[in-house]
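# Examination of the molecular architecture
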Amino acid sequence: PQHSNTPTKNGGTTVTTTIQILGTGCPKCKKLAENAEAAAKAAGVEYTIEKVTDINEIMKFGVMMTPGLAVDGDVKTVGKVPAPTEIEKMLTSLE
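Remember, predicted model here, so these are calculated numbers, not experimental data.

## Re a nonpolar patch on the surface
Together, Ile55, Met59 and Met64 give the surface a local cluster of nonpolar side chains, amounting to about 330 Å² of exposed area. With respect to the helices and strands, Met64 occurs in the loop between α2 (55-60) and β4 (68-71). You can call Met64 exposed: its relative accessible area is 66%.

## With respect to the nonpolar core
By size, the foremost hydrophobic cluster in this structure holds 13 residues, and its most contacted members are Ile19, Ile21, Ala36, Leu69, Ile87 and Leu91. If you list the elements that add at least two residues to this core, you get β2 (13-22), α1 (27-43), β4 and α3 (84-92). Per-element tally for this core: the top contributor is α1, with five residues. Once you skip the residues sitting within four places of it in the chain, Ile21 turns out to touch Cys29, Leu32, Ala33, Ala36, Ile49, Glu50, Lys51, Val52, Gly68 and Leu69. Core analysis: the second largest hydrophobic core is formed by five residues, Leu22, Val52, Ile58 and Ala70 among them.

## Digging into the confidence of the model for the protein
Averaged over all residues, the pLDDT of the protein equals 88, while 83% of them reach at least 70. Low pLDDT, under 50, characterises residues 6-10; the stretch is placed with eight contacts to residues that sit more than four places away or in other chains.

## Examining α1
Taking 1.5 Å per residue as the helical rise, α1 with its 17 residues ought to reach 24 Å, and the 24 Å between its terminal C-alpha atoms agrees with that figure. Of the residues making up α1, those classed as buried are Cys29, Leu32, Ala33, Asn35, Ala36, Ala39 and Ala40. Positive backbone phi, approximately 75°, marks Gly44, located one or two places after α1.

Reading the values: rules and limits
Note on numbering: residues in each chain are counted from 1, in written sequence order. With pLDDT at 70 or above as the cut-off, local features in this predicted model cover only qualifying residues; side-chain atom pairs require 80 or more to be listed or tallied, and sums for whole chains, interfaces and linings still use all residues. Hydrogen atoms and water are omitted, and side-chain values are computed over all heavy atoms in the structure. A patch consists of residues exposed above 30% relative accessible area that lack any salt bridge, with like charges linked at up to 9 Å and nonpolar side chains (Val, Leu, Ile, Met, Phe, Trp, Tyr) linked at up to 5 Å. Accessible areas in this description were obtained via Shrake-Rupley with a 1.4 Å probe; residue shielding takes into account the shown protein chains only. Salt bridge criterion: a side-chain nitrogen from Lys or Arg within 4 Å of a carboxyl oxygen from Asp or Glu. Runs of E in the DSSP output that reach at least two residues are strands. Runs of H or I that reach at least four are helices, and both are numbered from the N terminus. A simple rule labels every residue: compare its accessible area, found with a 1.4 Å probe on the protein chains alone, to the largest value its type can have, and call it buried under 20%, exposed over 50%, or partly exposed in between. Only buried residues count toward a nonpolar core, which is a set of Ala, Val, Leu, Ile, Met, Phe, Trp, Tyr and Cys residues joined through side-chain atoms within 4.5 Å. By definition, residues are in contact when any of their heavy atoms lie within 4.5 Å. What pLDDT conveys is the predictor's confidence in a given residue, as a value from 0 to 100. For a helix, the expected span equals 1.5 Å multiplied by the number of residues minus one.

Written out as structure tokens, the structure is:
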């Protein structure tokens, strides 16, 4: 996984989760990005949203139907827009 460690004020590190939206910018892709952001905020995780819009990059994930959702490079959903609560479960099950 592509976790990046960010130093915190108290000397520890915070693990940042990378949420990747795999899609060419269609309305469903935008909705998925909104849901993923809402889910990450609700889950209280440190995150970065990365939009992967290049079709060749999307295919490297093995995704043939957009939108796709990957967390730290691991594809979680393909061809659908899960609700924020579903995405939140995916994010919290990482720990």
